[in-house]
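One-letter residues, chain by chain:
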Amino acid sequence: MKQHKSLLASVALCTLLLSGCATAAGSVTPAPGSSTAAPPATSPEAGHHGAGHHAQESASPGPPAAGPSAAALMVCGDQPKERLRSILDLASNPHTVDSWADSTFTCTYHLAEGALVISVQETADKASALKYFTAMQALAKGAKPIEGLANLGFPAYETGDGSAVFQKDSFVLHVDASGLPPTLGPDSITRNALAYQLSTTILACWVEHH
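Quick summary incoming for the structure in this document.

About the cut-offs
- Residues numbered from 1 in each chain as written.
- Predicted model: local features only at pLDDT ≥ 70, side-chain atom pairs only at ≥ 80, totals over all residues.
- Heavy atoms only, no water.
- Helix = DSSP H or I, 4+ residues; strand = E, 2+ residues; numbered from the N terminus.
- Expected span 1.5 Å × (residues − 1).
- Buried < 20%, exposed > 50% of the residue type's maximum accessible area, 1.4 Å probe, protein only.
- Arc of directions from axis to C-beta.
- Contact = heavy atoms within 4.5 Å.
- Pairing = 2+ DSSP bridges.
- Axes fitted to C-alpha atoms, helices over the stretch in contact; angles between N-to-C directions.
- Disulfide = S-S within 2.5 Å.
- Phe/Tyr/Trp six-rings, centres within 6.5 Å; stacked < 30°, edge-to-face > 60°.
- Polar contact = N/O pair within 3.5 Å; in protein donor to acceptor, adjacent residues only side chain to side chain.

## Observations regarding helix 4 (residues 126-139)
For the α-helix, the turn length of 3.6 residues means that residues three or four positions removed from each other point alike.
Okay, step 1: Counted at 1.5 Å a residue, the expected span for helix 4 with its 14 residues is 20 Å, and the 20 Å between its end C-alpha atoms agrees.
Okay, step 2: Of all the positions in helix 4, only Ser128, Ala129, Tyr132, Phe133, Ala135 and Met136 are classed as buried. Down the axis of helix 4, the smallest arc covering the buried residues is 160°, so these residues share one side. Every exposed residue of helix 4 that faces more than 90 degrees away from the buried side is listed here: Lys126, Ala127, Lys131 and Ala138.
Okay, step 3: Buried-residue contacts for helix 4 involve strand 3 (114-122), strand 5 (156-159), strand 6 (163-168) and strand 7 (171-176).

Laid out in structure tokens, this is it:
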């Protein structure tokens, strides 16, 4: 399994770095009215439930974020959509709904098989993101670290029900495929493999635009 994931990671990263990644800034509109009231969420307790939506305030310094960053918007952009179309052999891009609340940008992909949720928690800095990630991992059921080349050099873990979580810089990326069946698509890809492949797709875009 580790070798399989390592190969997938290498192929995904190399392919995307060669092909280029487009930001989603022109195609995604943050949810209105929710971008000015929430401070950066860096409390460890805040990240235990996937999307990271919560009402708990943080004591971390810094003004509230005005909206999601360009990096966060990429989770609802062209590259993940094209990857999904390729993996699942879809005739068109899946319908998506996005939101911005509590320093978390969430993009929900409505697939025929169920909902795929990709979220990015934006924190004040790398240390805060790592603390948030560590708390998520500790609270997640059945969390297993993604190790070796498969994690692309970032802290990462997966769960048995189809979630993959990566921490890079001040971001925590969570691809949640738990709402999908165990296997899907013409090649019967597992939801864990789908979550992992989408994670590496997005990370490759982040690396390219860093």
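Now that the structure is up, let's keep going.
## Description of the sheet that holds strand 2 (residues 104-111)
Strand pairing within a sheet occurs via backbone hydrogen bonds; the two strands may be parallel or antiparallel.
Okay, step 1: Read from one edge to the other, the open sheet built from 7 strands follows the order 1-2-3-7-6-5-4, with strand pairing classed as antiparallel. The strands lining the two open edges of the sheet, one partner per strand, are strand 1 (95-101) and strand 4 (144-145).
Okay, step 2: The sheet contacts of helix 3 (residues 78-88) involve strand 1, strand 2 and strand 3, and relative to strand 2 the element is tilted by about 30°.
Okay, step 3: Across the sheet, helix 4 touches strand 3, strand 4, strand 5, strand 6 and strand 7, and the angle it forms with strand 6 is around 160°.

## Remarks on the state of the cysteines
Disulfides are covalent bonds that link the sulfur atoms of two cysteine residues.
Okay, step 1: By the definition in use, this model includes 1 disulfide.
Okay, step 2: Each disulfide pairs two cysteine sulfurs, and for Cys76 the partner residue is Cys107, the sulfurs being separated by 2.0 Å. Between Cys76 and Cys107 the disulfide shows an S-S torsion of about 55°. By sign, it is right-handed. Taken together, the residues span a long stretch of sequence, with Cys76 in the loop between helix 2 (70-73) and helix 3 and Cys107 in strand 2 at a distance of 31 residues.
Okay, step 3: With relative accessibility at 0%, the residue Cys107 sits in the buried group.

## Considering the packing of aromatic side chains
Aromatic rings considered in pairs are described by the distance between their centres and by the relative angle of their planes.
Okay, step 1: Under the definition given, this model contains 3 aromatic pairs.
Okay, step 2: Centroid distance Phe171 to Trp206: 5.2 Å. Interplanar angle 40°. Geometry classified as tilted. Here Trp206 lies in helix 5 (residues 191-208) and Phe171 lies in strand 7, a separation of 35 residues in the sequence.

## Brief notes about the environment of Asp176
Okay, step 1: Summarising the element assignment, Asp176 is placed in strand 7.
Okay, step 2: Residue classification places Asp176 among the buried residues on the basis of a relative accessible area of 18%.
Okay, step 3: Once the C-alpha coordinates of Asp176 and Ala164 are considered, the two residues, 12 residues apart in sequence, prove to be 6.6 Å apart.
Okay, step 4: Excluding its chain neighbours within four sequence positions, the residues that come into contact with Asp176 are Ala115, Leu116, Val117, Gly162 and Ser163.
Okay, step 5: Here Ser163 takes part through its side chain, which lies 3.3 Å from a polar atom of the side chain of Asp176.

## What to know about unusual backbone geometry
Okay, step 1: Non-glycine residue Asp169 carries a positive phi angle of around 50°.
Okay, step 2: Mapping Asp169 onto the fold places it in the loop between strand 6 and strand 7.
Okay, step 3: The exposure class of Asp169 is partly exposed, given its relative accessible area of 26%.
Okay, step 4: Positioned with a positive phi, Ser188 is a non-glycine residue whose angle comes to about 50°.
Okay, step 5: Assignment of secondary structure puts Ser188 in the loop between strand 8 (183-184) and strand 9 (189-190).
Okay, step 6: Classification of Ser188 as partly exposed rests on a relative accessible area of 46%.

## With respect to the pairing of strand 3
Okay, step 1: One ladder, built from 8 bridges, connects strand 2 with strand 3; its direction is antiparallel. Residue pairing for strand 3: His110 is matched across the bridge by Ala115.
Okay, step 2: Hairpin connection, strand 2 to strand 3: the antiparallel pair is bridged by 2 residues.
Okay, step 3: Relative to strand 7, strand 3 runs antiparallel, the two being bridged by 6 bridges. Counterpart to Gln121 in the pairing with strand 7 is Val172.

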